[in-house]
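Structural overview for review
The primary structure of each chain is shown beneath.
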Amino acid sequence: MTKSFYITTPIYYPSGKLHIGSAYTTIACDVLARYKRMMNYDVFYLTGLDEHGQKIQQKAEEAGITPQAYVDGMAVGVKELWQLLDISYDKFIRTTDDYHEKVVAQVFERLLAQDDIYLGEYSGWYSVSDEEFFTESQLAEVFRDENGKVIGGVAPSGHEVEWVSEESYFLRLSKYQDRLVEFFKSQPDFITPDGRLNEMLKNFIEPGLEDLAVSRTTFTWGVQVPSNPRHVVYVWFDALLNYVTALGYGQEDHENFDKFWNGTVFHMVGKDILRFHSIYWPILLMMLDIKLPERLIGHGWFVMKDGKMSKSKGNVIYPEMLVERFGLDPLRYYLMRSLPVGSDGTFTPEDYVARINYELANDLGNLLNRTVAMINKYFGGQVPAYVENVTAFDADLAKVVEENIAEYHKQMNAVDYPRALEAVWNIISRTNKYIDETAPWVLAKEDGDKEQLAAVMAHLAASLRVMAHLIQPFMMNTSNAIMEQLGLGLDFDLENLNLAGFPENVTVVAKGTPIFPRLDMEEEIAYIQSQMTAGKPQEKEWIPEEVELKSEKDEIKFEDFDKVEIRVAEVKEVERVEGSDKLLRFRLDAGDGEDRQILSGIAKFYPNEQELVGKKLQIVANLKPRKMMKKYVSQGMILSAEYGDQLTVLTVDPSVPNGSIIG
């Protein structure tokens, strides 16, 4: 009976052009789909677009078109990109598809009827860009007004949040928390790579799962709740269901659902959306009494030297440019080889061009060129029959090939592509070394050994055939080119692959063609860099007179400011004030001849206040002294900078003398 395998990408949010981050996930799933097909699995590969939500509605309004027209245009572009990247998906789902919307509405009503959804009111911080709610503690940065009240903040993604208060339906996540934890304990390999599961437990589950708001009333672009059409289904509830609706769940034709969901199910997502897939999705499936997936793979990001990709930084890499300039296979190879499992990878133009030159052109391409040329030169293009253990080096080559084929399969099943490709390159490296060891140019001399020469040529051709099979899921064009130059058809048998499987009576091409011509490093690096900065927004001409100046206080004249005397003061002693959890008492040398005392309400920002001793601060020296706590005189004010809930005292270079005037 044929084994079934279901692999999915996340469905991408079409709010802008997709860069190599999205290309990575889609190619990674494509590699796995192709590998499983070669291993005789019946594979269904799903990708698509998440087309509902407030952000899409806003984008459409900005463009002056309907949301449907906007997502229709984006879908065309994404499908064209997947065609360029030779993605072998079986279905491209869009959450605006009628069948999907119908099932989402049905599921919502079913969960409402079984009390897994209830009506309440939501108040909290919401990021439109992320289509996600956050508690104050989850925000990466919090903005406060002068009274300390939270007035906004920044989500972990870097997008600003806004306060939302509205009637909402809630999904009872809390009801299923214990069951979810039990599932994780029974399936410790559910989330890969290692560490991601613990991250979800510590950050989101152990503090206590809060029920999730799953409807909105402040916009209309989405699936309406049938029993209460004023509500639109929350985009993540809608989006997650795509994995089952695409197979026919809840529909008349559910043959694919019965077949593939009951086989092996793998989801692959970026680490930024792991929470939705590791917590919300399993609980949603439990509510619907559907079996849970076998594996959830949360990969890292491709970042640049200066952080995440950003148009404003001029560091975004789009796959179309790399394919147009260097071909498809180098891109697929680079992305799959360069992102370490469990962490982020850094894209650099230097590394991209270097991998093409050294690993693809030198290691693999040159090996093929030399082999085809020698078979033509020494045997008229006819590949000699494969015979084992003729030279002293045959056995070790065969051993390395056998071991690394096994390692390749192990790592492919673990979805560790860098290590799988490393196994292939172990074979390539050992085969190149085999040429140096056997020295076929010496064996070909009149007094040489023709039997050994024939064995060497057969081993080289057989080793290249193995390489072509192993790289087929990654680099289809390169794999096919190797097979064709060896005179072989495009029939692949990955399950029974070995050196001895090279067929008899094979003739290589009369003249091989380099599969990866060497690149001019300097020229190609400069080209990629120029393309990265081409999309950077042009900086507006700076006209100081037109700058809108921002100030939280009334404008003053220079004469007013000149009344303030700011001096350098060195901290000699500092201690907490008894009876106050806010005040620190400073003894300072401000060039007065004797030390002065200042009390400052910054204790909570400096839990280890002694770290301030010896630092040179900026103080307002001519502020009228005042009594504090009835027994302390404060003779000035220490200057500090505040942003959000952070505060830092202002310091000066240690070489500046105490008492120096600032201004």
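The numbering scheme is per chain: residues are counted from 1 as the chain's sequence reads. Under the rules for a predicted model, residues below a pLDDT of 70 receive no local features and side-chain atom pairs below 80 are neither given nor counted, while totals for whole chains, interfaces and linings still include all residues. Values reported for side chains reflect all heavy atoms of the structure, with hydrogen atoms and water molecules removed beforehand.

All right, on to the overall build of the protein then. Per the convention used, a helix needs a DSSP run of H or I reaching at least four residues, while a strand needs a run of E reaching at least two, with both numbered from the N terminus. Of regular secondary structure, the protein possesses 20 helices and 26 strands. Two things to know: the radius of gyration comes from C-alpha atoms, and the globule rule equals 2.2 Å times the number of residues to the power 0.38. Here the C-alpha radius of gyration of the protein, 33 Å, is well above what a compact globule of 663 residues would show, namely 26 Å. Taken along the three principal axes of its C-alpha coordinates, the protein extends 105 × 70 × 50 Å. Within the span of the protein, comprising 663 residues, buried residues form 52% of the whole. Here the contacts in the protein between residues at least 6 apart in sequence split such that 73% fall between residues at least 24 apart. Carbon and sulfur atoms form 47% of the exposed surface of the protein, whose accessible area is close to 31700 Å². His is not counted here, nor are the chain ends, while Lys and Arg score as positive and Asp and Glu score as negative. One atom stands in for each charge, and that atom is NZ of Lys, CZ of Arg, CG of Asp or CD of Glu. Computed over 68 positive and 102 negative side-chain charges, the inter-centroid distance for the protein is 4 Å. Buried means the residue's accessible area, taken with a 1.4 Å probe over protein chains only, is under 20% of the maximum for its type, while exposed means over 50%, and partly exposed covers the values in between. Note on definitions: a residue-residue contact is assigned when non-hydrogen atoms from the two residues lie within 4.5 Å. Per-residue accessibility takes into account occlusion by the displayed protein chains alone, with areas from the Shrake-Rupley method and a 1.4 Å probe.

Here the protein is described as being made up of domain 1 (4-104 + 223-299), domain 2 (109-216), domain 3 (361-486) and domain 4 (558-662). Here the limits of each domain have been adopted from an automatic or database domain assignment. Relative placement of domain 2 and domain 4: their C-alpha centres are 42 Å apart.

Annotation from UniProt places "domain: TRNA-binding" (unreviewed entry) at residues 560-663. Spanning residues 560-663, this segment combines 2% helix with 43% strand, and its end C-alpha atoms are found 13 Å apart. UniProt positions are given in the numbering used here, feature names are shortened, and annotations may be inferred rather than shown by experiment.

Patches here are clusters of residues that have more than 30% relative accessible area and form no salt bridge, with a 9 Å joining cutoff for like charges and a 5 Å cutoff for nonpolar side chains (Val, Leu, Ile, Met, Phe, Trp, Tyr). For this document, the term salt bridge refers to a Lys or Arg side-chain nitrogen within 4 Å of an Asp or Glu carboxyl oxygen. A cluster of like negative charges, contributed by Glu252, Asp253, Glu255 and Asp258, occupies part of the molecular surface. Tracing the chain through its elements places Glu252 in the loop between helix 8 (242-245) and helix 9 (255-261).

With that settled, consider a nonpolar patch on the surface. Where nonpolar side chains cluster on the molecular surface, the patch consists of Trp542, Val547 and Leu549 and spans about 410 Å² of accessible area. By the element assignment, Leu549 lies in the loop between helix 19 (521-534) and helix 20 (558-561). By relative accessible area, Leu549 is classed as exposed at 75%.

Moving on, we come to the pattern of salt bridges. For the structure shown, the criterion picks out 32 salt bridges. A salt bridge links Asp86 to Arg34; the shortest N-O distance between them is 3.5 Å. Of the two residues, Asp86 sits in the loop between helix 3 (67-84) and strand 3 (91-94) while Arg34 sits in helix 1 (residues 20-38), which places them 52 residues apart along the sequence. A salt bridge links Arg576 to Glu609; the nearest nitrogen and oxygen atoms lie 3.3 Å apart. You can see Arg576 sitting in strand 17 (residues 566-576) and its partner Glu609 sitting in the loop between strand 19 (596-600) and strand 20 (616-620), a full 33 residues away along the chain. Judged by its relative accessible area of 37%, Arg576 is partly exposed. Judged by its relative accessible area of 13%, Glu609 falls in the buried class. Here the residues in one salt-bridge network are Asp30, Arg34, Asp86 and Arg332, joined through shared partners.

What follows concerns the environment of Asp189. One can find Asp189 in the loop between helix 5 (177-186) and strand 9 (191-192). Distance in space between the C-alpha atoms of Asp189 and Gln411 is 15 Å, their sequence separation being 222 residues. Those residues in contact with Asp189, other than ones at most four positions away along the chain, are Glu294 and Arg295.

All right, on to the pairing of strand 14 (residues 295-299) then. Burial runs high along strand 14: five of the five residues are buried. Burial along strand 14 is two-sided: the face carrying Arg295, Ile297 and His299 and the face carrying Leu296 and Gly298 are both buried. Strand pairing requires that DSSP identify at least two bridges connecting the strands. Bridge count between strand 9 and strand 14: two bridges; the pairing is parallel. When the sheet's bridge partners are listed, Thr192 is paired in strand 14 with Ile297. Judged from the five bridges that link them, strand 13 (residues 264-270) and strand 14 form a sheet pairing that is parallel. Within the sheet, the bridge partner assigned to Phe266 lies in strand 14 and is Arg295. What joins strand 13 to strand 14 is helix 10 (residues 274-287), and the crossover it makes is right-handed. Throughout, right-handed denotes a crossover for which the path from the first strand over the helix to the second runs clockwise when the strands point away from the viewer.

Here the focus is the environment of Phe502. Along the chain, Phe502 turns up in the loop between helix 18 (476-485) and helix 19. When its relative accessible area of 7% is taken as the criterion, Phe502 is described as buried. For the pair Phe502 and Tyr386, spaced 116 residues apart in the sequence, the C-alpha separation amounts to 7.0 Å. The residues touching Phe502, leaving out its near neighbours within four places in the chain, are Val383, Ala461, Ala462, Arg465 and Leu488.

A few words now on the sheet that holds strand 2 (residues 41-49). Here six strands make up an open sheet; going across it, the order is 3-2-1-13-14-9 and the pairing parallel. If you trace the sheet from one side to the other, it starts and ends with strand 3 and strand 9, each paired once. Where strand 1 (residues 3-8) and strand 13 come together, four bridges link them in parallel fashion. Bridging across to strand 13, Phe5 finds its partner in Thr264.

This paragraph deals with the confidence of the model for the protein. Low pLDDT means the predicted coordinates in that region are not meant to be read closely. pLDDT is defined as a per-residue confidence score from the predictor, taking values between 0 and 100. On average, residues of the protein score 91 in pLDDT, and 98% of them are at 70 or above. Within the protein, no element has a lower average pLDDT than strand 5 (residues 132-134), which sits at 79, and none a higher one than helix 8, at 98.

This part takes up helix 17 (residues 450-471). Given the number of residues in a helix, its expected span is that number minus one, multiplied by 1.5 Å. With 22 residues, helix 17 ought to run about 32 Å at 1.5 Å a step, and its terminal C-alpha atoms sit 32 Å apart, in line with that. For helix 17, the buried fraction is high: 19 of the 22 residues fall into the buried class. Contacts described as polar in this section are N or O atom pairs within 3.5 Å, which, within protein, must combine one atom able to donate a hydrogen with one able to accept it, while residues neighboring in sequence count only if both atoms come from side chains. Put simply, Asp449 is the residue that caps the front of helix 17, since its side-chain oxygen is 3.1 Å from the backbone nitrogen of Glu451.

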